[in-house]
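For reference, the chains in residue letters:
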Amino acid sequence: MNPLVANTPAGTGPCRRADDATSSGAPQLQSIVETALAALGRDGFVILDALIDPQDVARLDDELAPWLAATPRCVGDFYGWRTTRVGGLLDKAPSAHALVLHPVIVAIADALLAPACDCIQLNLTQAVQVHPGERAQAPHRDEEMWPCPKGETPWLLNVMWAVSDFTEANGATRLWPGSHRGALDREVDPHTSVAGAMARGSALLFIGALTHGAGANRSAHPRTGVIVSYCLGWLKQYENQFLAYPPSVARSFPEELQRLIGYRMHRPNLGGWEGQDPIAALGETCARAPHIDALTPDIQAELDAHYRVGASAQTQPVDGG
Ligand SMILES: O=C(O)CCC(=O)C(=O)O
């Protein structure tokens, strides 16, 4: 029995069936988001069962296969030695667009992260293939890459999409339920973890503060997943999105994707280009333009008040001054 869903019958707990997630109207989407947020807050993870159709997973698998075959195995005790990783999937595997923009996932990521930023952003896309014989990855937290105190608010939502079935034997991600509420313990007892076992096409969501790691692959077949993660819009992204998707590549993406990967302004005035919304870099021409403020409404209101208060004592700006 899958320990993650044993106490959460389908439809009532964190494990949701595909028909919950895909045929939902707004009220049902809202209820899925609330259920997922409750599980993420309590356990640090949740599995959404069968979130994409089998033929879409098969297409994604086919698109990834040549890249995984051509890429040498990882080097290092974190990335693994019998593991293959491939990034920049939006360019290499067009089916990954639908994973990144999945409305249920984006709604959960927004609800979780947007309260602490002006807009969320894509942190990375990465195929992770764990080969037979790979040992268990050391327990870690993805928020370790931002080395500073974090407080209560999540900074990252990770989504591991199962491209093959994920089983206890083939290296399903190990998760330490509730570990996000305490400090990281790299030597935590492996027996206190659970396996994120799930069928192909399902998605395991976990927050950046949860202790986890890829499991050991004791089977005869590779375990293949795609990680898509979202983070606060003011953080440095794990994967350099502007090298992965320079304007010549990103130009052909839908605008929602362009903005999610970072071609947008994070108010106030962060991430611009020549004082403009960087989406302008995707246009055909780059006319000279002024720097234009992109402020949050509260900062704009404070500046309005500041200049009203100071108006009698200050010289007003003159044209061109
Ligand atoms: O492949 C997995 O199951 C997890 C991988 C992981 O946690 C990582 O590389 O940060």
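Residues numbered from 1 in each chain as written. Predicted model: local features only at pLDDT ≥ 70, side-chain atom pairs only at ≥ 80, totals over all residues.

> Looking at this model, I keep getting lost on the overall build of the chain. Mind explaining?
In terms of regular secondary structure, the chain is built from ten helices and nine strands. The burial tally for the chain puts 38% of its 321 residues in the buried class. Look at the contacts in the chain between residues 6 or more apart in sequence, and 77% of them connect residues 24 or more apart. (Helix = DSSP H or I, 4+ residues; strand = E, 2+ residues; numbered from the N terminus. Buried ≥ 20, exposed ≤ 12 C-beta atoms within 10 Å, placed from the backbone. Contact = placed C-beta atoms within 7 Å.)

> Quick question: what am I supposed to make of unusual backbone geometry here?
Leave glycine aside and you will find that most residues have negative phi; peptide bonds, for their part, are mostly trans. Here the amide bond leading from Arg267 into Pro268 is cis, since omega sits at 0 degrees, within 30 degrees of zero. By the secondary structure assignment, Pro268 is in the loop between helix H9 (255-261) and helix H10 (297-310). In this model, Ala50 sits at a positive phi of 45 degrees, which is unusual for a non-glycine residue. The exposure class assigned to Ala50 is buried, which follows from the 21 C-beta atoms found within 10 Å. The phi dihedral of Glu274 is positive, around 55 degrees, even though this residue is not glycine.

> How should the packing of helix H2 (residues 26-42) against helix H6 (residues 103-113) be read in this particular structure?
Two numbers describe a pair of packed helices, the interaxial angle and the distance between the axes. Running from N to C, H2 and H6 point in directions that differ by 55 degrees, and their axes come no closer than 10 Å. Taken together, H2 and H6 sit at an angle that is classed as oblique. For H2 against H6, the interelement crossing comes out right-handed. Packed against H2, whose contacting residues are Leu29, Ile32, Val33, Ala36, Leu37 and Leu40, the element H6 presents Val104, Ala107, Ile108, Ala111 and Leu112 at the interface. (Axes fitted to C-alpha atoms, helices over the stretch in contact; angles between N-to-C directions. Parallel < 35°, antiparallel > 145°, perpendicular 65-115°, else oblique. Left-handed = near helix turned anticlockwise from the far one by under 90°.)

> Teacher, can you tell me more about the sheet that holds strand S7 (residues 203-207) here?
The strands making up a sheet associate through backbone hydrogen bonding, with each pair oriented either parallel or antiparallel. Within the open sheet, the six strands sit side by side as S1-S7-S4-S9-S3-S2. Their pairing is antiparallel. Both edges of this open sheet fall to strand S1 (45-48) and strand S2 (83-87), since each of them pairs with a single strand only. Taking each pair of neighbouring strands and ignoring which way they run, the sheet shows an average axis angle of 20 degrees. Here strand S4 (residues 156-162) pairs with strand S9 (residues 223-232) via seven bridges, running antiparallel. Among the inter-strand pairings, Ala162 is bridged to a residue of S9, identified as Gly225. Most of the contacts of H2 go to S1, to which it runs at about 145 degrees, and overall it touches S1 and S7. The strands touched by H6 within the sheet are S1, strand S3 (120-130), S4, S7 and S9, with S4 carrying the most contacts at an inclination of about 160 degrees. (Pairing = 2+ DSSP bridges.)

> I tried to follow the sheet that holds strand S5 (residues 174-175) on my own but got confused; where do I start?
Judged by pairing direction, the sheet is antiparallel, and its three strands sit side by side in the order S6-S5-S8 without closing on themselves. For this open sheet the edge positions go to strand S6 (194-195) and strand S8 (212-213), each flanked by a neighbour on one side alone. Alignment of S5 against S6, held across two bridges, turns out to be antiparallel. For Arg174, the partnering residue across the bridge sits in S6 and is Ala195.

> Explanation requested: the site of the ligand in the structure shown.
Around the ligand lies a shell formed by Val128, Gln137, Asp142, Met160, Thr173, His212, Gly213, Ala214 and Gly225. Across the shell around the ligand, the residue classes tally to three nonpolar, five polar and one charged. (Near = placed C-beta within 6 Å. Nonpolar A, V, L, I, M, F, W, Y, C, P; charged D, E, K, R; others polar.)

> Before we go on, may I ask you to explain the pairing of S3 in this structure?
Successive residues of a regular strand alternate their side chains across the two faces of the sheet. S3 sits mainly inside the fold: ten of its eleven residues count as buried. As defined by bridge partners, S2 adjoins S3 across five bridges and the pair is classed as antiparallel. Note that in S3 the partner of Val86 across the bridge is Ala127. Pairing analysis gives ten bridges linking S3 to S9, with the strands arranged antiparallel.

> Explain the environment of Asp91 here, please?
Mapped onto the elements, Asp91 comes out in helix H4 (residues 89-92). Classification of Asp91 as partly exposed rests on a count of 16 C-beta atoms within 10 Å. Here the alpha-carbon distance between Asp91 and Tyr245, two residues 154 residues apart in the chain, equals 7.3 Å. For Asp91, the contacting residues outside a window of four places in its chain are Ala244, Tyr245 and Val249.

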